[in-house]
Structure formats: structure tokens, C-alpha cells
Amino acid sequence: MAILELRSLGKTYGGVNVAVKDASVAFDKGRVHAVCGENGAGKSTLLRMAAGLVLPDEGGVLVDGKPLAPHTPSGARAMGVAMVTQHFALAPALTVLENIALGERGPLDLEKLAVRVAVVEKRLGVSLPLSARASELSVGDKQRVELCRALLSSARVLILDEPTAILARSEVTVLYTLLRKIADEGAAVVVVTHKLDEIAEFCDAVTVMRRGVILLTSDVPEGDRASDEKTAFMQDVTQRIMGEAKDISKDRTSPEPGAALLSVADVPGLRGLSLTVHAGEVVGVAGIEGNGQSELVLALFRRADPDISFVHEDRNLMGLVLQATAAENLVLGDLDLVSRGPFIDPALLMAEAESRAKRSAYTQSLSLLASELSGGNQQKLVVGRALGRKKARVFVFVHPTRGVDIGAAREIHARILDVRDSGAAVLVISSDTDELRALSTRLVVVAKHAFAGEVPPDVPEEKLGRLMLSGEA
Amino acid sequence: MSILGSVVPETLRMSVPYAMAAAGGVLCERSGVVNIGLEGVLLTSSFASVACALATHSPVLGVVAGLVAGGAVGLLHGVLFARLRVNAIVSGVAINIAAAGGTRFLLRGWFGSSSNSPSIPALVELPGGPFTRTLLDPLFLLSVVSVVVLTLVLSRTRFGLDVRASGEDPVAAHALGVDVVRTRILAVTLGSVLCALGGVALSYDQHQFQSGMSGGRGFIALAAVILSRWRPALAVVLCLGFASLDALGNVLQNSTHLPPDALSMLPFVATLVSLFFVKRGQLAPEGLGKHAD
Amino acid sequence: MPATHPGARVLLGVLVACIAFEVMVFLYGESPREMLTLLYEGTWGSVLGVGQVLYKATPLFITALAVDFGLRAGLFNIGTEGQLAIASLAVAVAGAHLGMMPGAVGTVILLAVAVVSGALYAALPALLKVRFGAHEVISTIMMNRVADGLVGLALGAGLALPGTVQTTPLAPQLTLTKLEAWVPGLSGSSVSTAVFIAALVGIAYWVLVSRSRFGREVTFVGWNPVACAHERIPVARRTVQALLLSGAIAGLASSATVLGAKGYFEQGLGAGAGFSGLAVALIARRNIPSMLFVALLFGTLQQGGLFINGHVPKEAMEVLFAVVIVAVALTDSPSVLALLTRRRARAGAPS
């Protein structure tokens with residue numbers, strides 16, 4: 001029986017980026033329903049609309065057949081829809097108990113609340129540090145606080161956005177056990193994930209999204225993970241997620257590695273990593289986010305070596321000045337190259353910007369503001385700038401295609417291989433293992449802030465997953 | 001009388017405008033709204049209380065009018081920032097300009113003077129020396145009570161929790177169903193009422209309104225808010241410190257030949273010096289100046 | 001980012017100022033029409049009036065540029081008031097010691113003194129900002145108050161002529177020529193060649209922010225310091241430099257008052273120009289021609305205020321400034337924009 005129903009939902013951001021298009025799906029009581037797709041497929045936006053966090057441009061949200069009104073988070077909570085977002089809704093300076101209290105209305109009585117929380121804790125078999133500040137909690141604890149809060153408000157639809165992206169494998173099992181309990185008590189549980197093994201192992205139904213569109217909603221076949229029926233089903237899901245597969249490296253042979261251009265050792269916060277990248281090779285750094293990757297990038301960035309050119313991970317925060325033009329963004333930080341004396345030469349600027357735009361196949365007008373561009377074109381600006389540094393012989397790409405549409409991602413991948421072929425050394429850091437497999441000559445795996453191993457790009461998924469999770473193959 | 005005997009009650013008396021502006025500032029900023037308009041609130045409420053006291057011949061109504069006027073200015077600031085998303089500094093600058101010009105405009109228009117209003121009667125006539133008179137002053141007592149109540153409200157009530165959540169993480173608060181906009185408007189309004197109590201105390205202390213009589217106290221109070229790391233009790237203590245410099249200045253001016261300009265600069269110089277001890281961005285409400293979506 | 005057309009902002013500002021003026025005058029019990037006539041006659045209605053408007057607008061335009069440069073770097077320099085006061089004092093004192101200097105050289109030296117002293121007075125807030133994380137709004141406001149005291153102290157301690165609050169007058173060749181020397185109708189007006197200095201500053205400022213590497217980098221830093229740091233633009237240094245330059249430009253406003261109008265400095269000369277310049281910059285929002293027009297609008301209101309002062313206190317004009325600031329700021333408000341566009345959409349929809 002469907003508790004939550006989404007009807008023809010549509011959302012466009014800034015008139016450019018279509019996030020979700022005509023999406024309809026129903027979520028049933030007592031089931032754990034996965035919504036999967038690549039980064040930027042529109043999963044989060046879809047469910048944020050369901051939870052009242054984002055106002056849809058088109059379509060409607062029905063709870064028990066009644067339209068969600070008012071379309072606000074509190075409206076949704078009042079109707080029993082709660083969402084645990086990727087960025088936890090926990091005010092860091094408040095205590096756990098205060099944060100739980102925020103989920104409720106009415107007079108504040110922390111003592112009484114603590115008693116009720118204890119009941120839920122017992123039900124779930126967890127224990128929360130109620131008087132600790134939220135900022136002091138581990139990720140797993142934060143998640144459990146959110147679950148507790150949702151259950152206290154007797155949520156009947158519980159939506160979790162990528163709950164396992166940041167969890168260790170052992171914690172993942174614990175989480176799904178909790179979710180199963182919650183579903184068995186009569187709730188509809190919706191989990192956004194892009195991890196296929198979780199879907200196969202723990203979920204009852206799956207919805208696949210790509211580029212804002214729902215491609216498939218289906219029950220997951222019952223039975224053993226290894227059963228033929230299940231394997232076939234998962235292969236189908238995989239293919240739909242990937243779409244026009246971005247296997248661009250297949251038809252390109254990598255050149256023979258040349259001289260060592262980049263050596264890394266003794267990175268603070270990343271034990272045991274010793275890495276050399278040669279001319280003409282792409283080394284991929286695989287691992288779950290937050291396991292030492294940022295420390296590696298920081299150590300490289302601090303070298304202030306003009307030989308090394310970066311594409312940083314968050315283009316809006318670290319890469320672009322959104323209010324400036326595309327041309328200006330392409331030469332940001334290199335204004336000296338396009339200036340005569342203290343003054344910028346507009347002709348030089350345009351010439352340099354054009355040459356850099358070509359490097360990443362950016363084809364929009366250079367006089368558009370960066371804020372007017374789609375995510376893919378914005379990323380091309382950042383990539384073009386990095387590739388256009390004439391002195392650079394080493395390129396470091398961090399999540400080079402995150403939140404980028406498939407077409408732009410392919411283009412960016414091709415350019416990364418171009419620069420490899422031209423004899424540069426490339427380091428790619430990504431949480432997208434498919435991307436890493438497609439690009440890398442070899443993979444370095446990090447786990448728990450330590451070097452976990454080096455593997456070829458065609459290493460079996462199982463083995464790579466184990467390495468990334470535990471540091472043991 | 002000993003210097004101490006006059007400086008201490010003088011300090012307590014003079015600390016009221018600072019302390020109430022700071023208390024109000026804490027409430028505003030804990031909800032995530034920067035309020036540099038405190039100075040304007042002080043001026044507006046001072047003027048409104050005097051004007052009303054003179055018009056009605058009722059000192060009590062004067063107090064009420066001062067608080068209402070201050071609250072109205074706060075409401076305006078709250079709506080401009082939280083609801084209409086006007087930059088809080090722009091709105092604060094406008095409020096300060098309007099308050100400074102508006103009070104002088106009305107001073108001239110109503111009382112025909114560009115410097116001060118006629119005298120108003122005292123709220124109550126108190127017996128005894130400077131100490132007892134200061135400690136028994138109803139506005140002083142009301143201020144002490146307000147600060148205690150503010151601390152309790154912030155830490156113990158639903159509204160206080162909503163305020164802190166809106167200030168710390170408006171996105172999370174919004175996601176959890178806190179009406180961030182309403183909470184902030186309410187917090188800024190109430191905070192400005194607190195600040196207005198300081199403005200009212202200022203005019204009742206002088207028994208009249210004087211042009212520009214807030215004299216930068218609202219800005220110093222804002223500095224105290226930041227230095228206290230947004231804790232009301234500590235902000236009030238810091239304000240006592242700034243007020244003691246004022247009091248010291250007054251006493252020295254009567255007893256020595258130090259130039260008045262040097263003495264009047266004291267609290268501002270002290271504030272600048274104290275800014276060297278602010279730890280970078282530490283413990284500021286994280287959602288200060290940010291919106292829920 | 002929804003942005004209103006700069007010209008529309010200025011027009012709206014003028015319109016709001018007119019309406020608010022009429023409403024205030026009416027509420028005050030005077031005839032709106034008579035007051036508007038009086039206002040017009042005292043300003044744009046005569047050559048002398050125009051001269052005085054120009055005189056009033058000159059420092060506002062320059063301090064607006066100063067504030068604007070701070071805003072570009074993401075800084076609210078509320079301290080132009082104090083920077084201008086200190087620079088004015090410094091110019092007057094230096095000028096009194098340059099008695100023999102030939103005019104042109106002397107004037108250039110004095111402008112340099114204005115620039116340097118204005119910048120130096122912005123140095124402490126800049127240091128507090130990048131080293132100690134103290135918000136420039138607080139520190140610059142404090143610096144304004146301290147400047148008041150310092151000026152009083154300095155004048156009291158012997159920089160003023162005995163028994164007065166004004167400094168020794170500059171030698172005539174050091175001051176800027178008053179325009180009345182060329183235009184007889186301007187006789188009695190304080191407007192001087194400082195208007196040309198202001199125009200030059202405006203042009204130089206345009207070159208700075210749109211063509212120079214430094215100006216563009218400061219602008220980028222103001223928009224996204226994190227991205228700039230990742231592109232190895234020295235963010236802290238640019239921030240300090242921006243605030244210093246902002247103070248320097250503010251100091252230049254003393255050309256209109258000390259060098260142009262008076263030939264000496266006295267307590268309160270140029271007071272309010274910093275705050276009004278702040279208002280101009282906030283309304284004009286990065287558009288230099290708008291700054292010019294808004295400065296003229298405010299100059300008109302200030303000058304006109306003197307003419308209606310017998311009927312309506314001139315302080316009413318300050319309230320108008322505030323009303324205009326808020327009204328124009330509202331045009332950037334997403335909710336107001338949404339309201340406007342929704343209404344337009346509804347009006348355009350077939351019924």
C-alpha cells in the first residue's frame with residue numbers, strides 16, 4: 001500500500017539545469033525502497049521535493065492520497081514524512097538532546113524528552129550520547145540521532161539520502177538492520193544510494209534515475225544474492241544507471257610510462273602512502289571520501305609548485321567566481337599572463353581564455369557569467385583552466401566529473417586522457433570507481449587514512465570494495 | 001566623596017544602556033541576524049520615551065513608548081533581513097542614518113531645539129545616596145531581571161532553542177520545521193525591545209533627550225557581544241567594563257584638567273584594543289547572516 | 001543573481017526621494033508644492049544653486065568610490081568618515097607648512113598627503129581584519145569615534161589657531177581655484193576645481209576596477225575568496241590593500257572641503273560625507289555613473305535642505321537618505337522580485 005506517491009514531479013534550477021523531469025513513483029508501507037543513479041541523476045532533488053525541502057516546478061506529492069500541504073519541511077513532517085539529508089540537520093553547537101527537541105513543537109521539556117528518547121533507543125537497540133554537542137559525534141552517531149528524531153515524530157515515511165556513503169561496511173549492515181525494523185513496524189523506508197550490492201542485499205524495490213528521469217521502478221527479486229535471477233536483475237539495473245557507458249579508455253592504449261614527474265611520500269594524515277606518477281600515466285586514488293584524500297591534495301597544493309595544476313573538488317566553492325565571466329574564470333589566478341604592466345589587455349585575455357576553453361571543449365560564449373552556465377560547462381571552465389597552464393606537467397583532478405552530465409563527463413575524461421598522451425603525469429582522486437577504472441593506468445587505494453594497496457584498474461569490484469572499506473584485500 | 005564611592009554607582013548607572021543594547025544584540029545575533037542598528041534603536045527609544053513622557057505627562061507611558069518604538073525598529077530590521085533578504089548591514093546602516101536624522105528632525109520640529117528636549121519628570125523619586133538610588137532605580141532593576149530572563153529563555157525554552165537553531169544552522173532548523181523567518185523576526189524585535197530599555201534608561205538618566213545621546217554605545221555593545229562570544233552574561237560584564245571607562249571619564253573630567261576629547265575616546269579605544277583578542281571567527285553562530293535556503 | 005538595471009535604481013531612488021519628501025513635508029504641515037519649489041529654486045533653479053549642489057556632491061562621490069572599492073573586496077568600510085577627518089586634518093597641517101611651495105607642486109603634495117593619511121588611518125582595521133578576524137564594521141566604526149576625539153585633541157593641543165577651532169589657513173596658491181573665478185554666476189559658491197579632481201578620480205577608478213589586474217583581483221577576492229586562494233591569488237594581501245586604498249580614496253574627498261572650499265580645516269568640516277558616501281555606494285551598487293547621479297541627488301537634498309530649513313528642519317533629508325537606501329535595496333530582494341514577476345506573469349496570462 002503506497003503511503004507516499006510522487007506524481008509527475010519536475011524541477012529546473014536557474015532555468016538551465018534540469019534536475020528532475022516528469023518523475024512518478026510510489027513508496028509502499030513495510031518496504032525498503034532504493035532510489036539509485038549516478039551523481040547528478042536527480043535522486044536527491046526528487047526526494048527533497050518529497051520531503052517538502054524543495055518546491056517542485058511541476059507535479060505533486062501525495063501522502064496517503066492527500067496532497068502535501070503546505071509544501072514545507074514542517075508540513076511534510078506533520079504528515080509523517082521525515083528525511084535524513086546528507087548534510088545532517090544537526091546544529092553543531094547544540095546538544096544531541098536539543099537537536100532531537102528541534103524536531104518537535106510545543107513547550108520544551110528536555111527531561112521528559114530524554115525519557116521518550118530512551119524508549120526509542122531501546123526499540124532500536126542503540127545508545128546516544130544525549131548531552132554531547134552534535135559537533136562531537138561520529139558520523140554513525142549523527143545518523144542514529146536523525147533516525148531517533150524521525151521515529152519520535154512517528155514518521156511513516158523515512159527518506160535517507162546516501163546514508164551509507166560515509167559509513168564503514170560494518171556500520172552499513174547495522175543501519176540496514178535498523179531500517180528493516182522500522183519498515184517492519186509499518187513505515188515506508190526510502191534509501192538513496194548508488195551502491196548496487198546494498199540494493200541486492202537489503203532492499204525490496206528499486207527505482208533507477210538517470211539525468212533527471214526515472215527509467216525503471218521494480219521489485220528486487222527475492223532470494224540469494226548469487227541467484228541467477230538476482231544477478232541478471234542487478235546487471236540490468238547497472239546498465240540503466242550507466243546509460244551510454246562511458247568506457248572511453250577501452251579504445252585508447254596508454255603510452256609507455258616515461259620519467260617520474262611526481263613523487264609523494266610522508267603525507268600528514270595519510271599513513272604509508274608513497275607514490276610516484278610517471279609521464280604518460282594516470283594514477284587513480286580510490287577510497288571512500290574522507291579517508292585521507294583531502295590531506296593528500298592539501299600536501300600537494302602546499303608545495304606551491306608551478307609544475308602542478310589542480311582541479312579542486314568543489315567547483316562552486318573552490319573553483320569559480322560565479323559572478324565573473326567565463327573568460328575571466330579561465331584565467332583566474334593567471335592575470336599576470338594577460339596583462340601589460342598593471343593593466344589587463346582584453347585581447348590577450350580573450351586569446352588565452354579561448355585557448356584554454358579549447359582544451360576542455362568549452363563551447364559556450366566566453367562572456368557569459370559562470371553563474372549562467374550548467375554544471376557541466378562550469379566544470380569545463382575549471383578543467384580548461386587547469387589544462388591550460390603552460391608550465392604544468394603534473395595534473396591533479398579531484399572528483400573531475402562530479403555533478404556533471406554524461407556528455408560533459410565524457411568530454412572531460414577524453415581531455416584527461418589527451419593530456420596523459422601528451423606526456424603529462426596525471427593524478428585522479430575520485431569516489432566514483434567507474435571513473436577511476438576508465439581513466440587510470442593503475443589504482444592506489446586509501447582507507448582509514450592509510451595506504452591500503454595498489455591494484456590494476458580491472459581489479460574485481462569485490463576486491464576493490466573490500467580494500468576501500470577495510471584496507472584489507 | 002571618594003572616587004570609588006562615585007565611580008561604582010556611576011558605572012552601574014551608565015552600564016544600563018550598554019548592557020541592554022548588548023543583551024538585545026545577543027538575542028538578535030544568536031538568531032543569526034547581524035544588528036548594527038542597535039545604535040539607532042537606542043536613539044529612537046530615547047527620543048520616543050521623552051516625547052511621550054512630555055506629551056502625556058506620564059513617565060510610565062514614556063517608558064512604554066520607548067520600548068514600543070525600539071521594538072518597531074527591530075521589527076523593521078527583522079522583516080527587511082529575514083523576510084525580504086536585504087543585506088543586514090545595509091538595513092542597519094539605513095536604520096542608524098534614519099534614527100540619527102529623524103530624532104534631530106523631530107527634536108527641532110517638536111521642541112524647537114537642535115540640542116535637547118525639555119526636561120522630563122523622574123520615573124520615581126528615590127531617597128538615599130547614589131548607591132541606593134542606582135540600585136533601586138526601576139529601570140536598573142528591570143534591566144537586571146531582563147538579562148536573567150534572557151539567559152533562561154535562550155537556554156530553557158522552545159523559543160530559545162528555535163533562536164539558537166536558527167542562528168547556528170538555519171538550513172537544518174528549516175528542515176526540521178522551525179519557522180526560521182518568524183523566529184528571527186521575533187528575536188530581532190524582542191532584542192530591540194531589550195535594547196530600547198537601555199535607550200529609555202539613557203533619557204531618564206539625563207531627564208531629557210539630547211541630540212545623538214546614544215554616543216556610539218550601540219556599537220560598543222555590539223563589540224561586547226562579539227567579545228563575549230555571544231553569551232549574554234559575559235556581554236553584560238564586558239559592558240560594565242566599558243561603562244566604567246565612561247564613569248571614570250566623567251569623574252576625571254570633573255576633578256582634573258584632562259582634555260574631554262581624550263576621555264570620551266576611552267571606551268572606543270578600549271574596544272579597538274579588545275578586538276585584538278577576538279579569536280578568528282570562533283564560536284560565532286554559524287548561520288549568522290545566512291538564510292535557510 | 002537578479003540585478004536591477006543601474007539606471008532603474010537611480011530613477012527609483014530619485015522617485016522615492018521625491019515622494020518621501022512630499023509626504024514628510026505634508027505630514028509636517030507645510031505645503032508640498034511650495035517646499036518642492038523652494039527646494040528647486042535653491043538647487044537646480046539657479047547657477048549658484050547648481051554650484052552648491054556640485055560642491056556638496058563632490059566629497060560624496062569620492063567617498064562613495066572609496067566605500068565601493070571596499071565593497072568590491074567584500075569589506076564594509078564604514079570608516080570613511082574618520083579616514084576623511086584625519087586626512088583633512090593632515091592636509092591642513094601639512095599645507096600650513098608648505099607656505100613657499102609653488103601652487104601646482106604643493107597641491108599635488110597635499111593630495112598625496114590626503115591619500116597617505118587616509119590609507120594609514122584604515123591600516124588598523126585592515127590589520128585587525130586579516131590578523132585577528134575582527135569584523136571591519138565594528139573596527140571602522142570605532143575608528144570614526146576615535147578620529148573625532150583625535151581631531152579635537154589635536155586642535156586643542158595647538159594645531160588650531162589660538163582661541164579658535166580652525167587650523168592656520170593655507171597659502172592661497174596651494175588651494176584649489178574656485179569656479180566663481182571663471183563663472184560670475186557662481187559668485188559666493190564653494191564649488192572649486194575639486195570637481196575636476198573628482199572626475200579624474202572617477203575615471204581612474206573605472207580603469208582600476210575594470211582594466212587593472214589589481215582591481216580585478218580585488219573584485220574576484222570579494223566574490224569568492226576561497227576560489228581565489230585555490231588559484232594562488234594572495235587573498236589576505238588583497239584584502240589589506242583594498243581597505244588601505246579605500247581609505248586613501250576617502251582621504252581625497254578633503255580636496256573639495258579643505259583645499260577647495262575653506263583653505264583650512266576646522267572641527268566638523270566634511271563631517272557626514274563619509275556616511276552619506278556610504279549611502280551613495282550602497283544605492284549605486286558598483287556602477288560609477290550611478291554613483292555620480294546618486295551623489296548629485298544627495299547633494300541636491302543637502303543643499304535643498306538648507307533652503308527649506310526655515311520651514312522644515314533640514315534633518316528631514318537624512319531620513320530621506322535612509323528611505324532611499326532601503327527602497328533601492330528592496331529591488332534586489334528575491335521576495336520583492338518574485339512578487340513583481342509573479343504579478344507581471346499573472347497580468348500577461350490569458351484569462
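Because the structure is a prediction, the values reported are computed rather than measured.

About the criteria used
- Residues numbered from 1 in each chain as written.
- Chains lettered and ligands numbered in written order.
- Predicted model: local features only at pLDDT ≥ 70, side-chain atom pairs only at ≥ 80, totals over all residues.
- pLDDT = per-residue confidence, 0-100.
- Helix = DSSP H or I, 4+ residues; strand = E, 2+ residues; numbered from the N terminus.
- Contact = placed C-beta atoms within 7 Å.
- Nonpolar A, V, L, I, M, F, W, Y, C, P; charged D, E, K, R; others polar.
- Core = buried A, V, L, I, M, F, W, Y, C linked by C-beta atoms within 7 Å.
- Buried ≥ 20, exposed ≤ 12 C-beta atoms within 10 Å, placed from the backbone.
- Axes fitted to C-alpha atoms, helices over the stretch in contact; angles between N-to-C directions.
- Parallel < 35°, antiparallel > 145°, perpendicular 65-115°, else oblique.
- Left-handed = near helix turned anticlockwise from the far one by under 90°.

Student: Teacher, can you tell me more about the confidence of the model for chain C here?
Tutor: Caution applies to low-pLDDT parts of the model: their predicted coordinates are not meant to be read in detail. All names here are of chain C. Of all residues in chain C, 96% have pLDDT values of 70 or greater, and the mean over the chain is 90. Per-element confidence in chain C ranges from a low mean pLDDT of 60 for helix α16 (residues 334–348) to a high of 97 for helix α11 (residues 235–252). Here residues 344–351 scores under 50 on pLDDT; set against residues more than four positions off or in separate chains, the count is zero contacts. Our summary of model confidence lists the complex with pTM equal to 0.88 and ipTM equal to 0.91.

Student: Would you explain the interface of chain B and chain C in this entry?
Tutor: Interfaces are often sized by the accessible area lost when the parts come together. Between chain B and chain C, the contact holds 40 residues from the first and 36 residues from the second. Of all the elements in the fold, those that place two or more residues in the side of chain B that touches chain C are α3 (59–83), α4 (88–111), α10 (217–227) and α12 (260–275) of chain B. In terms of residue count, α4(B) provides more of the side of chain B that touches chain C than any other element does, 14 residues in total. Grouping the constituent residues of the side of chain B that touches chain C by class yields 25 nonpolar, nine polar and six charged.

Student: Can you help me understand the nonpolar core in this one?
Tutor: As a rule of thumb, nonpolar side chains are buried together in soluble globular proteins. Formed by 371 residues in total, the largest nonpolar core has its most connected members in Ala22(B), Ala224(B) and Ile325(C). Per-element tally for this core: the top contributor is helix α9 (residues 180–206) of chain B, with 16 residues. Residues within four places of Ala224(B) in sequence aside, it is in contact with Tyr18(B), Ala22(B), Ala235(B), Leu238(B), Cys239(B) and Phe242(B).

Student: Can you help me understand the packing of α4(B) against helix α13 (residues 273–284) of chain C in this one?
Tutor: Describing two packed helices takes the angle between their axes plus the distance from one axis to the other. The contact between α4(B) and α13(C) brings their axes to 11 Å, and the two run at 140°. On the basis of their axis angle, the class for α4(B) and α13(C) is oblique. In terms of crossing hand, the pair formed by α4(B) and α13(C) is left-handed. For the pair formed by α4(B) and α13(C), the contact residues are Val90(B), Val93(B) and Ile97(B) on the first element and Phe275(C), Leu278(C), Ala279(C) and Leu282(C) on the second. Taken together, the residues of the contact of α4(B) with α13(C) break down into seven nonpolar, no polar and no charged.

Student: Please explain the environment of Ala316(C) as it appears in this structure.
Tutor: For Ala316(C), the location among the structural elements is in helix α15 (residues 316–330). Spatially, the C-alpha atom of Ala316(C) lies 7.7 Å from that of Gly305(C), the residues being eleven residues apart in sequence. Filtering out sequence-adjacent residues up to four positions away, Ala316(C) remains in contact with Phe105(B) and Met24(C).

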